[in-house]
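Residue-level structural notes
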Amino acid sequence: MTYSLAIHGGAGTILKSNMTPEKEAAYHAGLARAVEAGEAVLREGGSAMDAVVAAVCALEDEPLFNAGRGAVFTSEGKHEMDAAVMDGSSRRAGSVAGVFGPRNPVKLARAVMERTEHVTLIGPNALILAKDTGLPFADTDYFFTQSRWDALQETLGMRERGEVSDDPARRHGTVGAVARDIHGNLAAATSTGGMTAKAPGRVGDTPMIGAGTFADNQTCAVSGTGHGEVFIRWTAASEIAARMRHRGETLEQAAEYVVINDLGNNDGSGGIIAVDCDGNITMPFNCEGMYRGSVRDGSTPEIKIY
Ligand code: ASP
C-alpha cells in the first residue's frame, strides 16, 4: 500500500493583493516543512497517527499559523487553545479545549487518547496530564505574535464602534493534517487558537470529534478549518464520512457537498482536507484561499494557497 498526507494552515480571506512575495515564500516554506515532517514518518513505514502529529507540531511551532505559537487572542487578550486527534483504525480519539501552556496542544490531545479513558479534557486536569506526560510548556512571550495582537485590537475597535465585519473569514486560522499510512490506517489531527476575540471559554469545532476532526478506516480522515460554530452545527467532518458510507459517494463528492452546500450556504466559511481509505486526497474550500499541502507516495509535494 502507498501513503498519502495532506495538511492545512487555515482558510479565509487570503488575497493575493495583500500578500508580499516574502510573506508568500514564508507561508510556502512553513507548509513545506510540515509536509516533510509528516512524510518523513510515512516514508519509514510509520503510522498515520505519528505522521499527522508530526505535521501538526511543525505547524504549531510556526508563528505564521493560528495554533500553538502564533495562536490568536481571546477578547481578554489571552490564549485558549483547542486540539484533537483521531485514529481511524480504532476510532479512538483525544482532545483538549481552552488550554494554555503546552507548546504543542496536539500532543496533549494525543495523551488524552492514549493515557486516559476519556475523549476530551479541559481545565487544570488537562494541564496536569501534560505535566505527567512530560510535555514541554512555554510562557506568554513564546506564544505572543504582534500580528495576532494587532488583529485583536482591530476587532475590538470595530466592536466598540458597532461595526460588523462584512468578512466572516477574517478571524480564522487553524492547522491540521490527515494521512493514510502504508498499513492502510487513517488518522486526523487539528489544532487551533480559535477565532480572534472569541469569548473566554468558547470552544470551537476543532476538539469536537465529528465536527472539525474525524477519522475512520472504513471511509476517510478529515480536518477542518473555518467558522467553527457552523462546522459544529453541521457536524461537518463526520458528515463527509456518513455521505460516503450511506450514499456511496466518493470522497470528493461528499467533501464538496458538505463544504459548498452545508457550510457555504450557512455562513460557514472555511474548508477541509481529507484522505480516504484508498489514499485519495481532496481539499475543498468555499472562501478565497486555504493554506494547504499534500503528498502521495512517489510524487512531489504540492503546496498551494489560493
Ligand atoms: N475552526 C476554528 C474555530 O472555530 C477556527 C478556524 O479554523 O479558523 O475555532
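Higher on the page you've got the structure.
Since the structure is predicted, the reported quantities are computational estimates derived from the model, not experimental observations.

Counting its secondary structure elements, the protein chain contains 9 helices and 12 strands. Radius of gyration (C-alpha) of the protein chain: 17 Å, near the 19 Å computed for a compact globule of 306 residues. When its C-alpha atoms are laid out on the principal axes, the protein chain stretches across 55 × 45 × 35 Å. Counting across all 306 residues of the protein chain, residues that qualify as buried make up 56%. Expressed as a percentage of contacts within the protein chain between residues at least 6 apart in sequence, the contacts between residues at least 24 apart total 69%. Here the protein chain displays about 12,200 Å² of accessible surface, and carbon together with sulfur accounts for 49% of that area. Taking the 28 positively charged and 39 negatively charged side chains of the protein chain as two groups, their mean positions are separated by 1 Å.

We now examine the pattern of salt bridges. Across all of its chains, the model carries 11 salt bridges by this definition. A salt bridge links Glu249 to Arg243; its shortest N-O distance comes to 2.9 Å. Since its relative accessible area comes to 15%, Glu249 is described here as buried. It is possible to trace a salt-bridge network through shared partners that takes in Glu36, Glu39 and Arg43.

This paragraph deals with the site of the ligand. Surrounding the ligand, one finds 11 residues, the nearest of these being Gly173, Thr174, Arg202, Asp205 and Gly226. Separating an oxygen atom of the ligand from a side-chain N or O atom of Arg202 is a distance of 2.8 Å. Taken by itself the ligand offers 270 Å² of open surface, and the protein chains cover 100% of this. In a pocket analysis with a 2 Å cut-off to the grid points, the ligand is assigned to the largest cavity. The residue makeup of the shell around the ligand, split by class, is 1 nonpolar, 8 polar and 2 charged.

Quick look at the layout of surface pockets now. By volume, the second largest pocket is sized at about 170 Å³. Mapped onto the lining of the second largest pocket, the elements with two or more residues apiece are β11 (289-296) and β12 (302-304). The greatest single-element share of the lining of the second largest pocket, amounting to 5 residues, is contributed by β11. Here the residues of the lining of the second largest pocket sort into 4 nonpolar, 4 polar and 4 charged.

A word on helix α3 (residues 105-115). Across the 11 residues of α3, 8 count as buried, placing the element largely inside the fold. Listing the buried residues of α3 in full gives Pro105, Val106, Leu108, Ala109, Arg110, Ala111, Val112 and Met113. Tucked inside the fold, the buried residues of α3 contact α2 (48-60), β2 (81-87), β3 (92-99), β4 (120-122), α4 (123-133) and β6 (186-192).

A few words on the sheet that holds β2. Taken in spatial order, the 8 strands make up an open sheet running β4-β3-β2-β6-β5-β1-β11-β12, and their pairing is mixed. At either margin of the open sheet sits one strand with a lone partner, and together these are β4 and β12. Across the sheet, the axes of successive neighbouring strands diverge by a mean angle of 10°, strand direction being ignored. Pairing between β3 and β4: 3 bridges, direction parallel. Each bridged residue has a counterpart across the sheet, and for Ser95 the counterpart in β4 is Thr120. Packing against the sheet, α2 makes contact with β1 (4-12), β2, β5 (175-180) and β6, and its axis sits at approximately 160° to β5.

The contact between helix α8 (residues 236-247) and helix α9 (residues 251-263) brings their axes to 9 Å, and the two run at 135°. Between α8 and α9, the angle is such that the two are oblique. Relative to α9, the crossing made by α8 is right-handed. Contacts between α8 and α9 involve Ala236, Glu239, Ile240, Arg243 and Met244 on the former and, on the latter, Leu251, Ala254, Ala255, Tyr257, Val258, Asp262 and Leu263.

Moving on: the pairing of β1. Of all the 9 residues making up β1, 9 are buried; the element is thus mostly covered by neighbouring parts of the structure. In this sheet, β5 lies alongside β1 in antiparallel orientation, the contact comprising 5 bridges. Looking at the pairing, His8 lines up with Gly176 of β5.

Definitions and limits used
Residues numbered from 1 in each chain as written. Predicted model: local features only at pLDDT ≥ 70, side-chain atom pairs only at ≥ 80, totals over all residues. Heavy atoms only, no water. Helix = DSSP H or I, 4+ residues; strand = E, 2+ residues; numbered from the N terminus. Rg over C-alpha atoms; globule rule 2.2 N^0.38 Å. Buried < 20%, exposed > 50% of the residue type's maximum accessible area, 1.4 Å probe, protein only. Contact = heavy atoms within 4.5 Å. Areas by Shrake-Rupley, 256 points an atom, 1.4 Å probe, with all protein chains shown as cover. Lys, Arg positive; Asp, Glu negative; His and termini not counted. Charge placed at Lys NZ, Arg CZ, Asp CG, Glu CD. Salt bridge = Lys/Arg side-chain N within 4 Å of Asp/Glu carboxyl O. Near = heavy atom within 4 Å. Polar contact = N/O pair within 3.5 Å; in protein donor to acceptor, adjacent residues only side chain to side chain. 1 Å grid on protein atoms, 1.4 Å probe; cavity = no way out; pocket = protein on both sides within 12 Å on 5 of 7 lines; lining within 4 Å. Sits in = over half its atoms within 2 Å of the grid points. Nonpolar A, V, L, I, M, F, W, Y, C, P; charged D, E, K, R; others polar. Points joined across faces, edges and corners; volume = space filled by probe spheres on them. Pairing = 2+ DSSP bridges. Axes fitted to C-alpha atoms, helices over the stretch in contact; angles between N-to-C directions. Parallel < 35°, antiparallel > 145°, perpendicular 65-115°, else oblique. Left-handed = near helix turned anticlockwise from the far one by under 90°.

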